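Observations on chain architecture
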Amino acid sequence: MHILVTNDDGVLAPGLLALARELRMVGQVTVLAPDHNWSASGHVKTMHRPLRVKEAVLADGSPALASDGAPSDCVALAALGLLPEKMDMVVSGINPNANVGHDVTYSGTVTAAMEAAIWGLPGIAVSLDSPENHLGLLDYGTAARVARRVVQAVIRHGLPKDTLLNVNVPYLSDEAIKGFVVTRQGLRVYRDSLVRREDPRRRPYYWIGGETPTGVPEDGTDFGAVSQGFVSITPLQLDLTARSALAALSHWDWGEGAGA
Ligand code: MN
C-alpha cells in the first residue's frame, strides 16, 4: 500500500506530520504537498506557469517533496509520473479546521481528494474541528488515529467508483469520541463581511472578513455529527448535477434564436 499524503496548509504544517507518521503504520507514505498555504483555494489546475518540486524535510527528519502548485496539482503531479512508484491512495490533511457543507467547494484539503477521484484513486480528506479561539498548538493525535482507521476501512472495503471521503473529526480525546457516522453534506452559515480600508496612497482595498462560519446542526449531516461529538464521514462525488432540477428544466421554453 503506497499512500500519497498531501494537504493545503503547506508541507511543514503539523497536521500533515501527524497524518504521515500515523499512516506509516499502514503502508509506505510519500509526502508531496504545497510549499505554502493554499487553504480555501478550491480545485486548481495550474496551466499557465511551470510547476517546481523541491526536496523538503519534515520536523521528524523524514523526507518530503514540496511543490509551488496547489494541493490538486500535487496529486496530478504524482499521478502523472513524478513519483517513481505508483500510488494506491491519496490522503489529504489534517486540516486544522472543519470542512463541512459548502466548505468542500472552497477547501484545498477536499479538492486534493477530489483530484484523486479524477485519477481513479481512493481519496480521503481529513479535517479537525478545532475550537474557535484555540490558543497554542493543536493536538492532532486523535484525528490521526481516526484517519488511520478510515484508511484501513477503505483498504478492507474499497471505495465505490468516483467517490471520495470527507472526514471531519471533533476536537475530543479518543475516549470522548462517540463513534463514526456516515453523513451527508450539511449547511454552513457564513458570516462574511466586507472590510474596506485605505492603503498608504489612499487607494481603497478590500478584505473579506467577518466571523467564523457556523452551521445548521441537523441530524444526519456532517456539521450535525461533529457538533454532537461523532466523527463525520461524508461520501462525495464530483458529479454536481442538480438531479432534482432536471425534470423542471426539461419543460422550460428557451425562447427563439440560435438552435432549433
Ligand atoms: Mn487548510
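The helix and strand inventory of the protein chain stands at seven helices and 11 strands. Its C-alpha atoms give the protein chain a radius of gyration of 20 Å, near enough to 18 Å, the size a compact globule of 260 residues would have. In terms of overall dimensions, the protein chain has C-alpha extents of about 65 × 55 × 40 Å along its principal axes. Evaluated residue by residue, the protein chain yields a buried proportion of 45% over its 260 residues. Once local pairs closer than 6 in sequence are excluded, the contacts in the protein chain between residues at least 24 apart make up 74%. Within the structure as shown, the protein chain displays about 14,300 Å² of accessible surface, and the carbon and sulfur contribution to it stands at 56%.

Coordination of the manganese ion by the protein is provided by Asp8 (OD), Asp9 (OD), Ser39 (OG) and Asn95 (OD1), with metal-donor distances spanning 2.1 to 2.3 Å. Site description for the manganese ion: donor spacing in sequence, D-D-x29-S-x55-N. With Asp9 in the loop between β1 (2–6) and α1 (14–23) and Asn95 in strand β5 (residues 89–95), this pair connects stretches of sequence that are 86 residues apart. Judged by its relative accessible area of 15%, Asp9 is buried. The exposure class assigned to Asn95 is buried, which follows from its relative accessible area of 7%.

Before going further, it helps to examine the pairing of strand β6 (residues 123–129). Judged by how many residues are buried, β6 sits mostly within the fold: six of seven residues are covered. Taken together, the four bridges between β5 and β6 define a ladder with parallel strand orientation. From the neighbouring strand, Asn95 faces β6, where its bridge partner is Ser127. Pairing of β6 with strand β7 (residues 163–170), which is carried by seven bridges, proceeds in the parallel orientation. Along β7, the bridge assignment pairs Val126 with Val167. Where the polypeptide runs from β6 across helix α5 (residues 141–157) and back to β7, its parallel neighbour, the crossover connection is left-handed.

Buried residues dominate β5, accounting for seven of its seven residues. Two strands pair when backbone bridges link them, and β1 and β5 are joined in this way by four bridges, in the parallel orientation. By the bridge assignment, Ile3 is partnered in β5 with Met89.

Calculation notes
- Residues numbered from 1 in each chain as written.
- Predicted model: local features only at pLDDT ≥ 70, side-chain atom pairs only at ≥ 80, totals over all residues.
- Heavy atoms only, no water.
- Helix = DSSP H or I, 4+ residues; strand = E, 2+ residues; numbered from the N terminus.
- Rg over C-alpha atoms; globule rule 2.2 N^0.38 Å.
- Buried < 20%, exposed > 50% of the residue type's maximum accessible area, 1.4 Å probe, protein only.
- Contact = heavy atoms within 4.5 Å.
- Areas by Shrake-Rupley, 256 points an atom, 1.4 Å probe, with all protein chains shown as cover.
- Donors = N, O, S within 2.8 Å, 3.2 Å for Na, K, Ca; no water.
- Pairing = 2+ DSSP bridges.
- Right-handed = clockwise from strand over helix to strand, strands pointing away.

The analysis is restricted to geometry; functional conclusions fall outside its scope.
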